[in-house]
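Here are the chains, one letter per residue:
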Number of protein chains: 4
Amino acid sequence: MSTPDFEGVFPYLVSPVTPSGQINEPVLTRLCRDLIDAGVHGLTPLGSTGEFAYLTSRQRRRVVEIVLEAAGGRLPVIAGVASTTINDAVAQARDYQQLGCSGILAILESYFPLADGGVFDYFSAIAAAVNLPVVIYTNPNFQRSDLSLSAIDKLSRIDNISYIKDASSNTGRLLSIINLTQGRLKVFAASAHIPVCVMMIGGVGWMAGPACVAPRQSVELFELCHAQDWDRAMERQRALWSLNQVFAKYNLAACIKGGLELQGYPVGPPLAPQQPLSETGSAEVKAALEQIGAL
Amino acid sequence: MSTPDFEGVFPYLVSPVTPSGQINEPVLTRLCRDLIDAGVHGLTPLGSTGEFAYLTSRQRRRVVEIVLEAAGGRLPVIAGVASTTINDAVAQARDYQQLGCSGILAILESYFPLADGGVFDYFSAIAAAVNLPVVIYTNPNFQRSDLSLSAIDKLSRIDNISYIKDASSNTGRLLSIINLTQGRLKVFAASAHIPVCVMMIGGVGWMAGPACVAPRQSVELFELCHAQDWDRAMERQRALWSLNQVFAKYNLAACIKGGLELQGYPVGPPLAPQQPLSETGSAEVKAALEQIGAL
Amino acid sequence: MSTPDFEGVFPYLVSPVTPSGQINEPVLTRLCRDLIDAGVHGLTPLGSTGEFAYLTSRQRRRVVEIVLEAAGGRLPVIAGVASTTINDAVAQARDYQQLGCSGILAILESYFPLADGGVFDYFSAIAAAVNLPVVIYTNPNFQRSDLSLSAIDKLSRIDNISYIKDASSNTGRLLSIINLTQGRLKVFAASAHIPVCVMMIGGVGWMAGPACVAPRQSVELFELCHAQDWDRAMERQRALWSLNQVFAKYNLAACIKGGLELQGYPVGPPLAPQQPLSETGSAEVKAALEQIGAL
Amino acid sequence: MSTPDFEGVFPYLVSPVTPSGQINEPVLTRLCRDLIDAGVHGLTPLGSTGEFAYLTSRQRRRVVEIVLEAAGGRLPVIAGVASTTINDAVAQARDYQQLGCSGILAILESYFPLADGGVFDYFSAIAAAVNLPVVIYTNPNFQRSDLSLSAIDKLSRIDNISYIKDASSNTGRLLSIINLTQGRLKVFAASAHIPVCVMMIGGVGWMAGPACVAPRQSVELFELCHAQDWDRAMERQRALWSLNQVFAKYNLAACIKGGLELQGYPVGPPLAPQQPLSETGSAEVKAALEQIGAL
């Protein structure tokens, strides 16, 4: 893999959809450009925050196209591939590679519970289908299956499966994964983990929705961690954490979209029947953003 | 609503897919015809057993077309509509109505948890989009949200929401729903409930995968229940229950497809990464089918 | 075992405790006598409703003594034995046998999860310690471990383990147990199951808190079931079910104690920090009792 | 409160019980002395690892007496108080204060779910009953109720409720608690958290079973954290974490007792029906201990 390693802050982008079902290109483009100006290290369309589970194939593809164009090769774009079937996931992954993505965030959806054999088949098929680094994703809160340590170990031995993003709230599990895979998998934190803690135990950054609304603060935090200036990092972290707390209380997409609306990005509400952020929620998001100087 | 009421045995049809991704029309047609010959009271494509969550829109539509053609108007076809978004669900429902379905089985998929307001919006939008009776479906085992009693009560007051299929294993909840909705909702059992019990408390039939492999036995059981010949019904039920027990142990689609393969229907395995029925599972299904004379 | 078989309605007795920590003998005695006059078939002190988990050993023993004296040998008393350790459970069981109980309701408490081997050891040790029929009890709602079907099968082969009381809400599981144990275990329903359904699939009665406040109605329902007069049984069942629904909504002990207070038994509130039945709860219990003529 | 603040490594002591049910004084005394010699900052009898849920009142009391005598006032002893009722918990707390404990670890057991009002009543009654600092304990894995953030906030305003030990695996929640209680509650980590992470976000130490078998290594780790020498701390942490991982895989008491047996402390198995550590488990514990030089 000649690609430079991924590390740093990768905001999970929202997917703004117009009432007629079109992806809102101007606002998504502006958001991407502003995030790039703020110094983020990569862009991740079609994560949980990106409502991948609520978009059609066509909408998903359009999101990727717009983000790639806005990025213009200045920073890596790692697009989310998510499906219940291998065939569909492989098709998405190939398509996103052809469009020009730098990496794939591989997400397993399922309806019936799936044993480890099936889990391995799914992720390994995606990895085999592309010539890009793959980030495997596990989110026990919203998905029907969590990746077991033995499945992670086996997947980590596949050449281009190089990263894991774990969206559990169990930070100890991340250290177990790091110890287990001995450098074969690099770890990205999610918004449920404290970024400074994950960086300290050996993580390489975070992929998270809140970075969309606090990109500059997130990048500063990452730089302090990278410089191992832990005390100042923790000082920043304490304030930034309130933001993650608020987001954990509400529907993630509703929250990030609500926060962006407050910042002047007309990204609209999450797709129905998801409900827009409530007034109370909006007030809490506003307060959290003001507290860190992001509004 | 001038449609005659739905009642009786509605097998949840499997969705046979060829390696190249086509719906296998000959085998699905033959299965439907044999089920009709066995006396089932309706056909339900695209339920859980029908792997709706693993099919593309195009594949789903094709399944409905084939089943409608095989049914030829001789018995009602109630097609499953399932989505995370209102827009997509409404489009499916309208399409299936136009194709000629007699009713809609409305299934809510979700990724983020959804409050009752959103749940109500989803099901009521489907009901408003069609001129057909709607069966609302709740399956706490495989779905992220269970319908609360108050949501069910509110939905039952919509004119064409006339049925509920509850796939929990909590039979007492069905009596609570019957008491609560006072005739506004009729109840179909699922394979996790004992059909005779549900019939005795006032149910109108069952929608279930196992009826695909034991249609004649299921119809006989229904007729005994309908005639309130409870003692003979329970005698039959005892033997038939082993079948439900086996199916509960394994992936539902893998099991029904495996059972149909044993009966000579080349329906193939469930879609990957779901795994085919194991040898042990196949032996158990075989024994259960032989015991009730279905093999 | 020369004891006559247990069958019918066994109310789960409450444990009235005075503010100073004494078991309130007069009220418990009066309640037992009234239940006997109403025709119940047995008495069960120290079930979940009896707050076994909130009483000291001394208080538990006193409850058993009072109930035995009130019963006066006219009907069987099956006392709850509950512990986390084998030693303590065995001591309780021997003690209750010596006091004169007719059977033991064996309840496993645990803090750490327990594998099937330990579960088997616990129940088999209780059975070996006494010369009485043992009812094994499983309640996945409030206990840390549910009895697996294979543990139940193995336990059913012990001579004096003759009954099971399953307090899950999964009625299908009861039929699986009946099919599995082929007469070695008789099944008692709990308040989460519909008694008529359990009787129809082969149950022998029910052990439940609500029978404390509706003994006459419960006995009538049992007799209709016993006579296999299913239609009239279901008619009664429909009304009685509202009572179970209310009790499922609130803390069980608070509810039954609250209902008994309404009926003139000064049994007091549940032990602190459990909260007494709220005003809303009390109004709902009142309405449910009035509806079935129990107030 | 004139007591010096608690901070550092507080091993959760095991409770060695002889076959006849006596607390094994010689081995418990020796263990305490060796832990003190290794530099631990306090002793915590009757935590989860101490099998409080499996001991009689008399056995619990005896454990506390022995530990206090071994400590001889050289370091604080914080004894676990655990009950389902307020009366019993208050009696235990008063008794342990009188015996000479320096603090109380307050644990809420429950059978029926308990609303926040009851939770508050329980912990505040314990605090009111003693003149000692109280550590509130929450363990969502083994207990039926987790402390909500609002209950924690309310409890933190009680004068002598000064610490919390959170045994969830959600490290982010600890930072939320620290932010929320603004110094009113100090946080101890549990074995499910990475100690270095908890120290970095502002924790004061850890209370955990593994410290029983690796006291010297734990104390060294604490000192590196205390000196904010994070890089060397993380280096040690990485190795020590394997120990926590092993313990998370098996019954905690069985594991720590098994590890101590390997180290030459004849503490015996956990109380039946808990099973002793399996051979495989023992080999894993042995390897983990050898790796960190604790065997």
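Report on the accompanying structure. Small disclaimer: the values here were computed from a predicted structure and weren't measured.

### Focus: the overall build of chain A
Of regular secondary structure, chain A possesses 11 helices and seven strands. Over its C-alpha atoms chain A spans a radius of gyration of 18 Å, differing by no more than 12% from the 19 Å that the globule rule assigns to 295 residues. Along the first, second and third principal axes, the C-alpha set of chain A runs to 50 × 45 × 35 Å. Taken across its 295 residues, chain A has 64% of its residues classed as buried. Across chain A, every contact between residues at least 6 apart in sequence was considered, and the portion connecting residues at least 24 apart equals 72%. Summed over all atoms, the accessible surface of chain A reaches about 10200 Å², with 48% contributed by carbon and sulfur. Of the charged side chains in chain A, 22 are positive and 26 negative, and the gap between their average positions amounts to 2 Å.

### Things to note about the interface of chain A and chain B
At the interface, 31 residues of chain A touch 31 residues of chain B. For the pairing of chain A and chain B, the buried interface totals around 2600 Å² over both sides, and the portion due to carbon and sulfur atoms is 63%. Inspection of the region where chain A meets chain B yields zero salt bridges. One can count 12 residue pairs in polar contact (both at pLDDT 80 or more) joining chain A with chain B. Of all the secondary structure elements, the ones that give two or more residues to the side of chain A that touches chain B are helix 4 (116-129) and helix 10 (252-262) of chain A. Here the side of chain A that touches chain B gets four residues from one element, more than from any other, and that element is helix 4 of chain A. Residues belonging to the side of chain A that touches chain B are distributed by class as follows: 16 nonpolar, 13 polar and two charged.

### Here's the deal with helix 5 (residues 149-156) of chain B
Listed as buried for helix 5 of chain B are A151, I152, D153, L155 and S156 of chain B. The inward-facing, buried residues of helix 5 of chain B abut helix 4 (116-129), strand 4 (134-138), strand 5 (161-166) and helix 6 (171-181) of chain B.

### Observations regarding the pattern of salt bridges
Pairing is possible between side chains of opposite charge, provided their charged atoms come close. The tally for this structure, following the rule as stated, stands at 52 salt bridges over all chains. The salt bridge involving K249 of chain A is made with E284 of chain A; its shortest N-O contact spans 2.9 Å. Of this pair, K249 of chain A sits in helix 9 (residues 230-249) while E284 of chain A sits in helix 11 (residues 279-291), placing them 35 residues apart in sequence. Its salt-bridge partner being E65 of chain D, residue R62 of chain D comes within 2.9 Å of it at the nearest N-O pair. Placement of the pair is R62 of chain D and E65 of chain D together in helix 2 (residues 57-71), with a separation of three residues, close to one helical turn.

### Examining the arrangement of the chains
A gap remains between chain A and chain C, which never touch, and the nearest two C-alpha atoms on either side lie 20 Å apart. For chain B and chain D, which are not in contact, the least C-alpha distance works out to 20 Å.

### Brief notes about the packing of helix 3 (residues 86-99) of chain A against helix 4 of chain A
All names here are of chain A. The geometry of helix 3 relative to helix 4 is characterised by a closest axis approach of 9 Å and an angle of 30° between their N-to-C directions. The orientation of helix 3 relative to helix 4 falls into the category roughly parallel. Crossing of helix 3 against helix 4: the hand is right-handed. Across the interface between the two elements, I86, A89, V90, A93 and R94 of helix 3 pack against D121, Y122, A125, I126 and A129 of helix 4. Counted by class, the contact of helix 3 with helix 4 contains eight nonpolar, no polar and two charged residues.

### Comments concerning the relation of the copies chain A and chain B
Two chain copies here: they are related by a rotation about an axis and a translation along the same axis. Note on the copies: chain A fits chain B at an RMSD of 0.0 Å, the axial shift is 0.0 Å, and the rotation between them is 180°. Taken together, the rotation angle and the small translation identify this as a two-fold axis. When the interface residues of chain A are mapped onto chain B, 100% of them are again interface residues, pointing to one common binding face.

### What about the interface of chain C and chain D?
Each partner contributes residues to the interface: chain C has 31 residues there, and chain D has 32 residues. For the pair chain C and chain D, the summed buried area comes to about 2600 Å², and 62% of that belongs to carbon and sulfur atoms. At the surface where chain C touches chain D, the tally comes to zero salt bridges. Run the count over chain C and chain D and you get 12 residue pairs in polar contact (both at pLDDT 80 or more). Listed by contribution, the elements that provide at least two residues to the side of chain C that touches chain D are helix 4 (116-129) and helix 10 (252-262) of chain C.

### A few points about the pairing of strand 4 (residues 134-138) of chain D
All names here are of chain D. Summarising burial for strand 4: five of the five residues are buried, a large majority. Every second residue of strand 4 is oriented toward a common face, with V134, I136 and T138 on one face and V135 and Y137 on the other, all of them buried. Sheet topology places strand 3 (residues 103-108) next to strand 4; three bridges connect them, and they run parallel. The residue of strand 4 that forms the bridge with I104 is V134. In this region the chain leaves strand 3, passes through helix 4 (residues 116-129) and returns to the parallel neighbour strand 4; the handedness of that crossover is right-handed.

### Concerning unusual backbone geometry
Along the chain, A272 of chain A connects to P273 of chain A via a cis peptide bond; the corresponding omega equals 15°. Considering the arrangement of structural elements, one finds P273 of chain A in the loop between helix 10 and helix 11. For E51 of chain A, which is not glycine, the phi torsion reads 55° and is therefore positive. Position of E51 of chain A among the secondary structure elements: in the loop between helix 1 (25-37) and helix 2 (57-71). Given a relative accessible area of 0%, E51 of chain A falls into the buried group. Positive phi is not limited to glycine here, since Q182 of chain B has a value of about 45°. Looking at the secondary structure, you find Q182 of chain B in the loop between helix 6 and strand 6 (186-189).

### With respect to the sheet that holds strand 5 (residues 161-166) of chain A
All names here are of chain A. If you walk across this open sheet you meet the seven strands as 1-7-6-5-4-3-2, and the pairing is parallel. The outermost strands of the open sheet, each flanked by one partner alone, are strand 1 (8-11) and strand 2 (78-83). Averaged over all adjacent pairs, the angle separating strand axes in this sheet is 25°, with direction ignored. Across the sheet, helix 6 (residues 171-181) lies against strand 4 (134-138), strand 5 and strand 6 (186-189), angled at about 170° from strand 5, the strand it touches most.

### Some words on the state of the cysteines
Applying the stated criterion to the full structure yields zero disulfides over all chains. There is no disulfide at C32 of chain B, and the cysteine sulfur nearest it, in C212 of chain B, is 8.3 Å away.

### What about the packing of helix 2 of chain D against helix 3 (residues 86-99) of chain D?
Residue and element names in this part refer to chain D. Closest axis-to-axis distance for the helix 2/helix 3 pair is 10 Å, and the angle between their directions is 25°. The orientation of helix 2 relative to helix 3 falls into the category roughly parallel. The crossing of helix 2 and helix 3 is right-handed. Side by side, helix 2 and helix 3 meet where R60, R61, V64, E65 and L68 of the first sit next to Q92, D95, Y96 and L99 of the second. Per-class residue counts for the contact of helix 2 with helix 3 are four nonpolar, one polar and four charged.

### Observations concerning the sheet that holds strand 7 (residues 205-208) of chain D
Residues and elements named next belong to chain D. Within the open sheet, the seven strands sit side by side as 1-7-6-5-4-3-2. Their pairing is parallel. Pairing within the sheet leaves two strands with one partner each, and these edge strands are strand 1 (8-11) and strand 2 (78-83). With strand direction ignored, the average angle separating the axes of adjacent strands in the sheet is 25°. Where strand 4 and strand 5 (residues 161-166) come together, five bridges link them in parallel fashion. Following the sheet pairing, I136 is matched in strand 5 by I164.

Quick notes on the rules
Residues numbered from 1 in each chain as written. Chains lettered and ligands numbered in written order. Predicted model: local features only at pLDDT ≥ 70, side-chain atom pairs only at ≥ 80, totals over all residues. Heavy atoms only, no water. Helix = DSSP H or I, 4+ residues; strand = E, 2+ residues; numbered from the N terminus. Rg over C-alpha atoms; globule rule 2.2 N^0.38 Å. Buried < 20%, exposed > 50% of the residue type's maximum accessible area, 1.4 Å probe, protein only. Contact = heavy atoms within 4.5 Å. Areas by Shrake-Rupley, 256 points an atom, 1.4 Å probe, with all protein chains shown as cover. Lys, Arg positive; Asp, Glu negative; His and termini not counted. Charge placed at Lys NZ, Arg CZ, Asp CG, Glu CD. Buried area = accessible area lost by both parts, 1.4 Å probe. Salt bridge = Lys/Arg side-chain N within 4 Å of Asp/Glu carboxyl O. Polar contact = N/O pair within 3.5 Å; in protein donor to acceptor, adjacent residues only side chain to side chain. Nonpolar A, V, L, I, M, F, W, Y, C, P; charged D, E, K, R; others polar. Axes fitted to C-alpha atoms, helices over the stretch in contact; angles between N-to-C directions. Parallel < 35°, antiparallel > 145°, perpendicular 65-115°, else oblique. Left-handed = near helix turned anticlockwise from the far one by under 90°. Least-squares fit on C-alpha atoms with pLDDT ≥ 70 in both. Pairing = 2+ DSSP bridges. Right-handed = clockwise from strand over helix to strand, strands pointing away. Disulfide = S-S within 2.5 Å.

Purely spatial values, then, with no claim about function.
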